[in-house]
Amino acid sequence: MKTPQLPVAPPRLAMRLEGVEGKTRGFWSYVQHGAQLELHHGKVGTDGKRESRTFASAEAAGAFARKQVAARVAKGFWSSDLAFESTTWEQVKDSVQVPGNSEQDDDRVLVLSGDVVVPHELWLDFHRGIFALEDPDASPFTGLIVRGNLTVEGCVFNADNDFGPFLQVDGNLFATSIAMGGARLRVAGDVMTGDFVAVYNHGSVSVGGDLVARTVASDYSFQVEGAVDAYRYQGQGSKVFAVSAGVEASDDPYDAKGVFVPAVVADERVLLDKARNLLSAGKPISRPVFTSVRGAFHQLVSKKMAEPDKVKSLTLEAKGLTSLPDELFLFRGLEKLNLRRNELRTLPEALGLLTELRELDVSLNGLLALPESIGALKKLRVLNVEYNCLWRLPDSLAECVELRTVNLVNNPYSYVRRAFGGWSRVQLMWDFPEVLTRLPKLEVVTFDGTPLRNLPTRRFDSTSLRSVTVRHSLVTQVDPELHSQLTVSVEESAGKAAAYIGNWFCREYVRLESFHDAKSGRYDFTEVLAMLGLLLRITIPTAAPYAQALENFRKGSEDIVHALTWGRANAQHVRALFTALRDALGPLGEPYPGNALIAGLRDVFALHAGG
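Each chain has its residues counted from 1, running along the sequence as written. Restriction of local features to residues with pLDDT of at least 70 applies here, the model being predicted, together with a cutoff of 80 or more for giving and counting side-chain atom pairs; totals for whole chains, interfaces and linings are based on all residues. Only heavy atoms go into the side-chain values, all of them from the structure, while hydrogens and water stay out.

S.K.: Explain the overall build of the protein chain to me, please; I cannot follow it from the model alone.
M.R.: Scanning the protein chain for helices and strands turns up 10 helices and 34 strands. By its C-alpha atoms, the protein chain is 100 × 75 × 35 Å across when sized along the principal axes. Exposed residues in this analysis have more than 50% of their type's maximum accessible area, buried residues have under 20%, and partly exposed residues fall in between, with area computed by a 1.4 Å probe over protein chains only. Relative to its full complement of 611 residues, the protein chain shows a buried share of 50%. Surface accessibility follows the Shrake-Rupley procedure with a 1.4 Å probe radius. Residue values consider only the protein chains on display as shielding. With the model as given, the accessible surface of the protein chain reaches about 27700 Å², and the carbon-plus-sulfur share is 49%. Secondary structure is summarised from DSSP: a helix means a run of H or I of at least four residues, a strand means a run of E of at least two, and numbering begins at the N terminus for each.

S.K.: How should I be thinking about the packing of helix 9 (residues 571–588) against helix 10 (residues 596–609) in this particular structure?
M.R.: Geometrically, a packed helix pair is captured by the angle between its two axes and the distance between the axes. Axis angles are defined between N-to-C directions and span 0 to 180 degrees, where every axis is a line fitted to C-alpha atoms and, for a helix, only to the segment in contact. Helix 10 packs onto helix 9 with a crossing angle of 160 degrees between their chain directions and a minimal axis gap of 8 Å. Judged by the angle between their axes, helix 9 and helix 10 are roughly antiparallel. With respect to the hand of their crossing, helix 9 and helix 10 are arranged in left-handed fashion. Two secondary-structure elements touch here, helix 9 through Val-574, Arg-575, Phe-578, Thr-579, Leu-581, Arg-582, Leu-585 and Gly-586 and helix 10 through Ile-598, Leu-601, Arg-602, Phe-605, Ala-606, His-608 and Ala-609. Here roughly perpendicular refers to angles of 65 to 115 degrees, roughly parallel to angles under 35, roughly antiparallel to angles over 145, and oblique to all remaining angles. In this scheme the crossing of two helices becomes right-handed for a clockwise turn of the near helix relative to the far one and left-handed for an anticlockwise turn of less than a right angle. Contacts are assigned to residue pairs that have any heavy atoms within 4.5 Å of one another.

S.K.: Is there a simple way to think about the sheet that holds strand 32 (residues 487–488) in this case?
M.R.: Each strand in a sheet pairs with its neighbour through backbone hydrogen bonds, running either in the same direction (parallel) or in the opposite one (antiparallel). Strands were regarded as paired on the criterion that DSSP finds at least two bridges between them. Strand order in the open sheet formed by eight strands is 25-26-27-28-29-30-31-32, with parallel pairing between adjacent strands. Each edge of the open sheet carries a strand with a single partner, namely strand 25 (313–315) and strand 32. Taken together, the three bridges between strand 26 (residues 336–338) and strand 27 (residues 359–361) define a ladder with parallel strand orientation. Bridging across to strand 27, Lys-336 finds its partner in Glu-359.

S.K.: Would you mind showing me how to read the pairing of strand 3 (residues 36–43) here?
M.R.: Side-chain direction in a regular strand flips from residue to residue, so the side chains alternate between the two faces of the sheet. Sheet topology note: the strand 2 (residues 24–33)/strand 3 ladder contains eight bridges and is antiparallel. Paired with Ser-29 across the two strands is His-40, which belongs to strand 3. Relative to strand 4 (residues 49–54), strand 3 is paired through six bridges, and the arrangement is antiparallel. Each residue of the ladder has a partner; that of Glu-38, found in strand 4, is Ser-52. The turn linking strand 3 back onto strand 4 is made up of five residues, and Gly-45 within it adopts a positive phi angle of 95 degrees.

S.K.: Explanation requested: the layout of surface pockets in the structure shown.
M.R.: Gaps between atoms show up when a probe of the same size as a water molecule is rolled over them. One number sums up the size of the largest pocket: a volume of about 2500 Å³. The element that contributes the greatest number of residues to the lining of the largest pocket is helix 8 (residues 547–565), accounting for four residues. In this classification, the charged set is Asp, Glu, Lys and Arg, the nonpolar set is Ala, Val, Leu, Ile, Met, Phe, Trp, Tyr, Cys and Pro, and all remaining amino acids, among them Gly, are polar. Of the residues that constitute the lining of the largest pocket, the class distribution is 14 nonpolar, 16 polar and 17 charged. Buriedness for pockets is judged along seven lines, at least five of which must meet protein on both sides within 12 Å for an open set on the 1 Å grid over protein atoms alone, while cavities are sets there where a 1.4 Å probe fits but cannot get out, and lining residues have an atom within 4 Å of a point. Grid points are joined across faces, edges and corners, and a volume is the space filled by probe spheres set on the points. Approximately 650 Å³ is the volume attributed to the second largest pocket. If you go around the second largest pocket, you meet 29 residues; those closest to its centre are Ala-9, Arg-66, Val-69, Pro-119 and Glu-153. Secondary-structure elements contributing two or more residues to the lining of the second largest pocket are strand 2, helix 1 (58–74) and strand 11 (150–157). When residues in the lining of the second largest pocket are grouped by element, the largest group, nine residues, is from helix 1.

S.K.: Is there a simple way to think about the environment of Asp-448 in this case?
M.R.: Topologically, Asp-448 is positioned in strand 30 (residues 444–448). Along the sequence, Asp-448 and Val-528 sit 80 residues apart, while their C-alpha atoms lie 26 Å from each other. Once residues within four sequence positions are removed from consideration, Asp-448 is found in contact with Leu-408, Val-409, Asn-410, Arg-471 and His-472.

S.K.: I tried to follow empty space enclosed by the protein on my own but got confused; where do I start?
M.R.: As enumerated under the stated definition, the model contains one cavity of 30 Å³ or more in all. Around the largest cavity, the lining residues are Val-73, Phe-77, Trp-78, Leu-82, Val-118, His-120, Glu-121, Leu-122, Trp-123, Gly-129 and Ile-130. Counted by class, the lining of the largest cavity contains eight nonpolar, two polar and one charged residues.

S.K.: For this particular structure, what's the right way to read the sheet that holds strand 2?
M.R.: Read across the sheet, five strands follow the order 4-3-2-1-5 without closing on themselves; strand pairing throughout is antiparallel. Two strands in the sheet have a free side with no partner beyond their single neighbour: strand 4 and strand 5 (78–79). Looking at chain direction, strand 1 (residues 14–21) and strand 5 are connected through two bridges and run antiparallel. Paired with Glu-18 across the two strands is Trp-78, which belongs to strand 5. Sitting on the sheet, helix 1 touches strand 1, strand 2, strand 3 and strand 4, and the angle it makes with strand 2 is about 165 degrees.

S.K.: Can you walk me through the pattern of salt bridges in this structure?
M.R.: As a working rule, side chains carrying opposite charge can pair if their charged atoms are close by. We define a salt bridge as a contact between a side-chain nitrogen of Lys or Arg and a carboxyl oxygen of Asp or Glu at a distance within 4 Å. Applying the stated rule across the entire model yields 31 salt bridges. Across the pair Arg-554 and Glu-551 runs a salt bridge, and its minimum N-O distance is 2.4 Å. Of this pair, Arg-554 and Glu-551 both sit in helix 8, three residues apart, roughly one helical turn. Since its relative accessible area comes to 32%, Arg-554 is described here as partly exposed. Of the residues examined, Glu-551 reaches a relative accessible area of 25% and is grouped as partly exposed. Look at the salt bridges and you will find they share partners, linking Glu-402, Arg-404, Lys-441, Glu-443 and Arg-466 into a network.

This is the structure in structure tokens:
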């Protein structure tokens with residue numbers, strides 16, 4: 001991974017700043033002579049006031065001067081050496097490559113020509129700093145164009161989440177740090193910076209070359225045409241991943257607290273607003289040294305590795321694990337293992353080596369399967385697989401003869417498409433796993449939110465059975481004699497089936513990029529139609545009569561159309577999508593001849609298909 005070469009501010013023995021104070025322009029300057037500072041300030045066009053201060057050393061005098069510069073820049077002053085030109089939006093709009101912000105032709109744009117050095121922070125907020133107006137009735141400054149390379153010896157900072165003047169750099173951008181909100185940034189060349197924070201998706205970041213940063217933390221993705229080198233956090237409590245030459249090391253994640261300072265981390269999330277404010281004040285938001293999840297695991301267990309057989313309990317909750325460290329299976333004496341809230345899709349066969357396990361918690365992972373070796377866990381008593389995507393249980397589970405409690409709530413969980421890697425790969429647990437009926441000491445089994453359609457065809461062997469609960473499933477029929485050991489809420493089935501439509505057929509999953517390739521202009525509806533087919537299988541015949549199901553499809557369609565057409569003319573994409581959905585009802589509806597839901601859906605989709 002490349003290390004960013006940050007701007008280094010050389011010692012400056014003199015500087016003059018200017019800024020708008022009220023309706024007048026003021027100035028402040030200093031000249032340093034060793035341990036002495038000559039200070040000068042006042043209104044532009046006047047003699048102002050002068051004073052001389054002597055310090056204990058030249059270093060102390062320089063530190064005072066730098067502190068005063070930072071304080072005045074924070075109030076909206078800027079270096080008078082910056083030779084701005086003013087033009088209108090009408091004159092430059094054809095060359096501007098940032099998204100529009102309803103600019104008017106008479107709005108003014110600032111221009112700096114040649115390679116430019118800003119010897120302090122650069123503020124990107126309306127009516128502040130270089131964008132301040134002496135005349136409040138004048139047309140606003142709407143952006144800054146640098147026709148060359150730009151070096152900022154401080155932070156490029158935008159405080160407003162919703163708006164901000166644009167910054168377009170026709171060359172490369174070098175900055176100590178960057179902290180953006182609603183402003184729009186376009187750099188034709190490379191960007192090299194320290195920590196880079198982008199708070200809110202009203203703004204945008206576009207880089208024509210490479211992006212090299214120490215960290216990147218944002219709620220939205222940047223458009224980078226070249227390679228990215230940075231430790232990248234992409235919001236919403238995600239993990240941090242090292243990206244080198246554009247390749248993400250997804251198998252070695254970092255916790256947010258392993259990369260960022262405690263002041264900007266809460267509940268595994270980076271507090272972007274707070275991080276932005278710290279950067280603007282010149283304070284660090286990332287740690288001097290980063291520690292990955294695996295590194296933290298090694299630190300956690302390093303002392304325990306001396307006598308691994310004596311370790312009885314181990315917690316690796318919320319570590320962003322996509323696989324389990326090999327060292328874990330050296331703890332052969334483990335009785336309790338907590339792997340909650342990770343990104344595990346499978347568990348290795350090595351799990352069977354932990355033969356002393358009594359409790360295993362792998363909830364909130366997105367697991368697709370359990371290993372056959374789980375049968376080796378003869379002492380296992382509690383199995384918590386809540387919030388995963390299990391669609392079957394291995395037959396070897398019957399060998400867990402001490403198993404008492406099994407929690408299968410919410411399989412699949414909310415991120416089913418992400419867990420499987422696409423709708424066309426999704427598999428659901430339609431049948432009650434009969435292996436559970438063969439567990440001799442089973443006491444409690446809980447299904448809730450799992451799309452079971454069929455209950456077991458045999459009674460439970462356990463004489464200790466206390467509770468087998470099936471809620472919010474797709475079960476519509478219960479055999480009073482065979483299923484007397486179960487508590488099944490069949491009255492919830494129709495509502496649960498219809499709810500899947502509302503959860504999946506929406507703007508979150510039917511995005512333009514999910515079916516349209518902008519570069520080739522081609523459509524691919526494979527994933528959308530796979531999701532539709534899955535919803536039909538869930539809903540038919542469970543949700544009959546289909547009034548609520550059709551209403552959910554109608555609302556979802558309107559939501560998708562609104563998202564596709566918001567702020568842009570995408571009517572052709574809407575027509576293409578809903579034409580594909582309508583036409584797919586032919587082959588998808590073949591297993592359900594004469595079905596009322598299929599007939600109603602044709603009308604719902606035809607409304608947006610046109611023609």
